[in-house]
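What the coordinates show
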Amino acid sequence: MILVVLLIVRIQEVSYHNRMATYQRPHVDELVRLLTEDRLPPRIVAITGPRQSGKTTIVRQALRRMRAAGLPGEHIAVDDPEGMYGRSHVPSDATVAPDPRLRTVDWLVRLWKWGRERAWEHPRGFVLALDEIQVIPEWSGAVKGLWDRDRDTGCPLRVVILGSAPWALLTGRGESLAGRFIPFDVRHWSLVEMVDAFDFTLDEYTYFGGYPGAAPLITDLREWRRYVVYSIIAPVSDRDILALTRVDKPGLMRQLVDLAPEYSGQIVRYDHLVGRLRATGHTTTIAHYLGLLSDAGIVAQLSKYSGSAVRRSESSPKLNVLNTGLMTAKSGYSFDQARADRTFWGRLVESAVGAHLHNTLETSMRLAYWRDGPHEVDFVLSQGPRVLGIEVKSGRRARSLPGLAAFEKRFPRAWTLLVAGTGDAGRGVFGDQTAVPINEFLAAPASHWLEKAP
């Protein structure tokens, strides 16, 4: 019986990995376009985003498509100890450094020169993709010089760089690649993508979040938790933040990585967080570290909406995880226990909506919350004169919605929207307010809902 169960689990894992390998996010089409359209000015494509968001898979899929179309390329994992061993087309050991600690700027220059040779040999050039580029100390200054040299000579080498840390942390403060790169932001997987790739249900997405690498493990909660904690959460502080920027209180940062997801959906005071943390820290330090966690795709700080940008910055923030798997992995709740606890499930549903809005924001959009005395609106989405207040309800009924009513009175030009965690859309379920089912809401980006605002 045990062997049968293990066999079924193994078959499920293989199926999941096969889906992961074949499923293509829209980013693949965009990356191919950026690397093949001659009318675009040559620039480095800088791919950044949270851990386990599929950046490497996107690059590999794009390279396969370009190779099939006659444009060769190579993906190099800078942090892979095996480096470029086992590849017959590597001309010599000049590009091999089996120990990642030996991958210095000199190694990067040798590798780049090898890429140049390949580019000059082929009529369409060559694509060199460098993954986890931040492993190389002071890499950005070297890339700047190498790239400028290629522009002077007209070398048809196309370069992609990848990193799990935010772009500002990757480049550091010493060198600027301004004007030389195209930012390519990869964010957490949406409900639609997890449904299409892994047949997730809405409730599974709400609990497990959008981590494709963890999808094969959802039938084994213990292993899923271990994967999220040790492969996603832990490296954020040690590899993506502490290794790339100055953090005076690394112990405080590590504690905050663990603590912040607990407060998702709550308005918090920085001095309260200081009290919860075992290490001492000033409120400005906490605010700064939360900003780093937001850049790393862990938790966002939402300001209070008031119609004034000045007053927004003075309010206590509302925290929202950017992937609900971060919230549940250390919660202690099983899938069934989470669904049975209406309060906890309500926070998960609200956090899923907030994460979706944040992960689909466009550059000119702002996401905030609103509160005035006892009245509160979960999210306020704005862009220029358009303002949308969004309230989330995980239950089937609500006698009244005083928060939305107060918000409409305070901002008469704003539009409001109710997102229902369960039940069908329609009037009568929540008074006179029409409810949009959460699965429908999560199927469209933030811009879709904001465009409906008058």
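That block above? That's the structure.
Parameters at a glance
- Residues numbered from 1 in each chain as written.
- Predicted model: local features only at pLDDT ≥ 70, side-chain atom pairs only at ≥ 80, totals over all residues.
- Heavy atoms only, no water.
- Pairing = 2+ DSSP bridges.
- Helix = DSSP H or I, 4+ residues; strand = E, 2+ residues; numbered from the N terminus.
- Axes fitted to C-alpha atoms, helices over the stretch in contact; angles between N-to-C directions.
- Contact = heavy atoms within 4.5 Å.
- Buried < 20%, exposed > 50% of the residue type's maximum accessible area, 1.4 Å probe, protein only.
- Arc of directions from axis to C-beta.
- Core = buried A, V, L, I, M, F, W, Y, C linked by side-chain atoms within 4.5 Å.
- 1 Å grid on protein atoms, 1.4 Å probe; cavity = no way out; pocket = protein on both sides within 12 Å on 5 of 7 lines; lining within 4 Å.
- Points joined across faces, edges and corners; volume = space filled by probe spheres on them.
- Expected span 1.5 Å × (residues − 1).
- Bend = angle between axes of the 7 residues up to and from the residue.
- Salt bridge = Lys/Arg side-chain N within 4 Å of Asp/Glu carboxyl O.
- Phe/Tyr/Trp six-rings, centres within 6.5 Å; stacked < 30°, edge-to-face > 60°.
- Parallel < 35°, antiparallel > 145°, perpendicular 65-115°, else oblique.
- Left-handed = near helix turned anticlockwise from the far one by under 90°.

Before going further, it helps to examine the sheet that holds strand 5 (residues 181-185). Spatial ordering of the open sheet is given by 2-3-4-1-5, a layout of five strands whose pairing is parallel. Two strands lie at the open edges of the sheet, namely strand 2 (73-77) and strand 5, each paired on one side alone. Between one strand and the next, the sheet's axes are offset by a mean angle of 20°, whatever the strand orientation. When strand 3 (residues 126-131) meets strand 4 (residues 157-163), the two strands line up parallel, connected through five bridges. In the strand pairing of strand 4, L130 is matched with I161. Taken strand by strand, helix 3 (residues 55-68) contacts strand 1 (44-48), strand 2, strand 3 and strand 4, and its axis lies near 160° from that of strand 2.

Attention now goes to helix 17 (residues 402-410). Quick reminder: α-helices carry 3.6 residues per turn. Residues three or four places apart thus point the same way. Listed in full, the buried residues belonging to helix 17 are G403, L404, A406 and F407. Buried positions in helix 17, seen along its axis, are confined to an arc of 165° and lie on one side of it.

Moving on, we come to the nonpolar core. Counting residues in hydrophobic clusters, the biggest one holds 77 residues, and the most contacted among them are W224, L290, L293, L357, L381 and F441. The dominant element in this core, judged by the number of residues it contributes, is helix 9 (residues 221-241), at seven residues. In this structure, A46, W107, W114 and V159 belong to the second largest nonpolar core, which totals 26 residues.

A word on empty space enclosed by the protein. For the structure on display, the rule yields two cavities of 30 Å³ or more. Approximately 70 Å³ is the volume attributed to the largest cavity. Taken together, H188, W189, Y205, G209, G210, L322, N323, T324, A352, A355, H356 and N359 make up the lining of the largest cavity. Sorting elements by how many residues they give to the lining of the largest cavity places helix 16 (residues 342-359) first, with four residues.

Moving on to the environment of V228. Along the chain, the position of V228 falls in helix 9. Given the relative accessible area of 0%, V228 is considered buried. With 17 residues separating them along the chain, V228 and Y211 place their C-alpha atoms 8.6 Å apart. Discounting chain neighbours no more than four positions away, the residues touching V228 are I233, G325 and A329.

Take helix 9 next. Compared with an ideal rise of 1.5 Å per residue, which puts 21 residues at 30 Å, helix 9 spans 28 Å between its outermost C-alpha atoms and is within 8% of the ideal. At P235, helix 9 shows its largest kink, close to 55°. Restricting attention to buried positions, one finds in helix 9 the residues W224, V228, V229, I232, I233, P235, V236, S237, D240 and I241.

Summed over all chains, the structure comprises 18 salt bridges. Salt-bridge contacts for D29 lead to R65; the nearest nitrogen and oxygen are separated by 2.6 Å. Separated by 36 residues along the polypeptide, D29 in helix 2 (residues 27-36) and R65 in helix 3 bring together distant segments of the chain. On the basis of relative accessible area, D29 is assigned to the partly exposed category, the value being 45%. Notably, a salt bridge pairs R116 with D150, separated by 2.6 Å at the nearest N-O pair. Pair noted here: R116 is in helix 4 (residues 105-121) and D150 is in helix 5 (residues 139-153), with a separation of 34 residues, a long-range link. For R116, a relative accessible area of 15% corresponds to the buried category. Taking relative accessible area as the criterion, D150 reaches 1% and is therefore assigned buried. Connected via shared salt-bridge partners are E30, R33, E37 and R39.

A separate point is the packing of aromatic side chains. Applying the stated criterion across every chain yields a total of 15 aromatic pairs. With 6.5 Å between their ring centres and 55° between their planes, F198 and F200 make a pair best called tilted. Here F198 matches F200 in class, with each residue buried. Ring plane angle 50° and centroid distance 5.1 Å describe the contact between F407 and F411, whose orientation is recorded as tilted.

Right, let's talk about the side chain of S264 for a bit. Mapped onto the fold, S264 is located in the loop between helix 10 (250-259) and helix 11 (270-276). Not counting residues up to four positions away in its chain, the partners in contact with S264 are L319, N320, V321, M327, R347 and S351.

Let us now look at the packing of helix 4 against helix 5. Where helix 4 meets helix 5, the closest approach of the two axes is 10 Å, and the angle between their N-to-C directions is 25°. The orientation of helix 4 relative to helix 5 falls into the category roughly parallel. By crossing handedness, the relation of helix 4 to helix 5 is classed as right-handed. Note on element contacts: helix 5 touches helix 4 through W139, A142, V143, L146, W147, R149, D150 and T153, opposite V105, L108, V109, W112, R116 and W120.

Function-wise, these values are silent; they only describe arrangement.
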